[in-house]
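Structure assessment
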Amino acid sequence: MDADTIRNLIETGLPGARADVQGDDGVHFEATVVSEAFAGKLPLARHRMVYATLGDLMGGAIHALALKTVTPAEAG
């Protein structure tokens with residue numbers, strides 16, 4: 001697994017989202033995801049939206065994913 005693949009999955013699964021994904025060891029990643037779809041949602045709901053784009057890869061090919069989820073307004 002690599003950061004570009006994860007970025008593509010997130011951006012495809014959340015249309016209009018912008019994702020910046022980092023991770024050098026192939027199993028542990030960090031992502032900042034900016035999406036208007038997060039507006040009015042609590043952090044847990046936002047994270048679930050991102051996890052849904054990755055499906056069965058979570059806990060498998062992706063061992064850990066640290067997330068920061070913000071709306072465009074929150075991103076500044």
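Worth saying up front: this structure is predicted, and the values here are computed from it rather than measured. (Residues numbered from 1 in each chain as written. Predicted model: local features only at pLDDT ≥ 70, side-chain atom pairs only at ≥ 80, totals over all residues. Heavy atoms only, no water.)

Attention shifts here to the nonpolar core. Counting residues in each nonpolar core, the largest one holds 16 residues, and the members touching the most others are Ile-6, Ile-10, Leu-14, Val-21, Val-33, Val-50 and Leu-65. Elements supplying a minimum of two residues to this core: helix H1 (3-13), strand S1 (18-22), strand S2 (28-34), helix H2 (43-54) and strand S3 (64-70). The residues touching Leu-14, leaving out its near neighbours within four places in the chain, are Val-33, Phe-38, Met-49, Val-50 and Thr-53. (Core = buried A, V, L, I, M, F, W, Y, C linked by side-chain atoms within 4.5 Å. Buried < 20%, exposed > 50% of the residue type's maximum accessible area, 1.4 Å probe, protein only. Helix = DSSP H or I, 4+ residues; strand = E, 2+ residues; numbered from the N terminus. Contact = heavy atoms within 4.5 Å.)

In this section: the sheet that holds S3. Strand order across the open sheet formed by three strands is S1-S2-S3, with mixed pairing between neighbours. Two strands in the sheet have a free side with no partner beyond their single neighbour: S1 and S3. Neighbour to neighbour, the strand axes of the sheet diverge by 15 degrees on average, direction disregarded. Taken together, the five bridges between S1 and S2 define a ladder with antiparallel strand orientation. Each bridged residue has a counterpart across the sheet, and for Asp-20 the counterpart in S2 is Thr-32. (Pairing = 2+ DSSP bridges. Axes fitted to C-alpha atoms, helices over the stretch in contact; angles between N-to-C directions.)

This structure, assessed with the given rule, holds three salt bridges. In this structure, Arg-7 engages Asp-4 in a salt bridge whose closest nitrogen and oxygen atoms are separated by 4.0 Å. Of this pair, Arg-7 and Asp-4 both sit in helix H1, separated by three residues, roughly a single helical turn. By relative accessible area, which is 48% here, Asp-4 ends up partly exposed. Arg-7 is the partner of Glu-11 in a salt bridge, and the nearest nitrogen-oxygen pair spans 3.2 Å. Taken together, the residues Glu-11 and Arg-7, both in helix H1 and four residues apart, mark about one turn of the helix. (Salt bridge = Lys/Arg side-chain N within 4 Å of Asp/Glu carboxyl O.)

Another point: H2. One full turn of an α-helix is made of 3.6 residues, so residues set three or four places apart face in the same direction. In this model H2 runs 17 Å from its N-terminal to its C-terminal C-alpha over 12 residues, within 8% of the 16 Å that 1.5 Å per residue would give. Those residues of H2 not exposed but buried are Arg-46, Val-50, Thr-53 and Leu-54. Looking straight down H2, one finds its buried side chains confined to an arc of 105 degrees; they lie on one side. Along H2, the residues that are exposed and aim more than 90 degrees away from the buried face are Leu-44, Arg-48 and Ala-52. Here the buried face of H2 lies against H1, S2, S3 and helix H3 (72-75). (Expected span 1.5 Å × (residues − 1). Arc of directions from axis to C-beta.)

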